[in-house]
Amino acid sequence: MNLSSLRQVLYQKGRRAGFATLQRAAALFGCSVTEFVDDPGISPDGMPTGAWSEASERDRVLATAMLEDLKSIPEDQKDLYYQLWKQGVAIGLARQAAEKGQGGKKP
């Protein structure tokens, strides 16, 4: 298990590590507690390192989980799943815009 994997597991399980746990984990990976907490890990292939390191921890965990899910989709269906995902994002953004424009009322 690497540093990013450990942090992802802790986040997904909703665990908040205490300082003693962070110290042990940092010692295991040969880094300081600050480096352990602040290190965003290695960016996925094709993603600029700067974009990965600037993303929030939650966004990095979600992106990693999405990549894992993507591996289970048959190659010939990936474009369809991508289009569905984009439609979902567009619907969510449109709903947010409508709620803001109508004083919080849902469309």
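Residues numbered from 1 in each chain as written. Predicted model: local features only at pLDDT ≥ 70, side-chain atom pairs only at ≥ 80, totals over all residues. Heavy atoms only, no water.

## Focus on the overall build of the protein
The line we're drawing: A run of DSSP states H or I qualifies as a helix once it reaches four residues; a run of E qualifies as a strand once it reaches two. Both are numbered from the N-terminal end. Contact definition: two residues touch when any of their heavy atoms are within 4.5 Å. Shrake-Rupley sampling with a 1.4 Å probe provides the accessible areas, and residues are treated as covered by the protein chains on show and by no other component.
From N to C terminus, the protein includes six helices and zero strands. Start at the N end of the protein and walk to the C end: the helices and strands fall as α-α-α-α-α-α. Intrachain contacts of the protein at a sequence separation of at least 6 include 39% that bridge at least 24 residues. Here the protein has roughly 8200 Å² of accessible surface; of this, 56% comes from carbon and sulfur atoms.

## Points about the pattern of salt bridges
Where charged atoms of side chains with opposite charge meet at close range, the side chains can pair. Rules: Counted as salt bridges are all cases of a side-chain nitrogen of Lys or Arg within 4 Å of a carboxyl oxygen of Asp or Glu.
One pass over the structure, following the stated rule, counts one salt bridge. Among the ionic pairs, Lys78 bridges to Glu75, the shortest N-O distance being 3.2 Å.

## Things to note about the layout of surface pockets
Once rolled over the atoms, a probe with the size of a water molecule shows which space is left empty. As a reminder, the rule being used: In this analysis the probe radius is 1.4 Å and the grid spacing 1 Å, with only protein atoms considered; a cavity is a set of points the probe fits into but cannot get out of, a pocket is an open set with protein on both sides within 12 Å along at least five of seven lines, and lining residues have an atom within 4 Å of a point. Grid points are joined across faces, edges and corners, and a volume is the space filled by probe spheres set on the points.
In this structure, the second largest pocket encloses a volume near 290 Å³. In terms of lining residues, the second largest pocket is bounded by Met66, Asp69, Leu70, Ile73, Lys78, Tyr81, Tyr82 and Trp85. Elements represented by at least two residues in the lining of the second largest pocket include exactly helix 5 (57-72) and helix 6 (78-101). The leading source of residues in the lining of the second largest pocket is helix 6, at four residues.

## Let's talk about the confidence of the model for the protein
A low pLDDT means the predicted coordinates there should not be read in detail. Applicable threshold: Looking at any residue, its pLDDT shows the predictor's confidence there, from 0 to 100.
Confidence along the protein averages 75 in pLDDT terms, with 64% of residues attaining 70 or more. Helix 1 (residues 3-12) is the least confidently modelled element of the protein, averaging 61 in pLDDT, while helix 6 averages 91, the highest of any element.

## Let's talk about the packing of aromatic side chains
For any pair of aromatic rings, the description rests on two quantities: the centre-to-centre distance and the angle between the ring planes. Just so we agree on the cut-off: Note on ring pairs: Phe, Tyr and Trp rings are taken, using the six-membered ring of Trp, and paired if centres are within 6.5 Å. Classes follow the plane angle, with under 30 degrees stacked, over 60 edge-to-face and the rest tilted. Burial classes: relative accessible area under 20% of the type maximum marks a residue as buried, over 50% as exposed, and values in between as partly exposed (1.4 Å probe, protein chains only).
By the definition in use, this model includes one aromatic pair. An angle of 35° between the planes, with centres 6.0 Å apart, marks the rings of Tyr82 and Trp85 as tilted. Residue Tyr82 and its partner Trp85 are located together in helix 6, separated by three residues, close to a single helical turn. Residue Tyr82 is classed as partly exposed on the basis of its relative accessible area, which comes to 43%. You can call Trp85 partly exposed: its relative accessible area is 43%.

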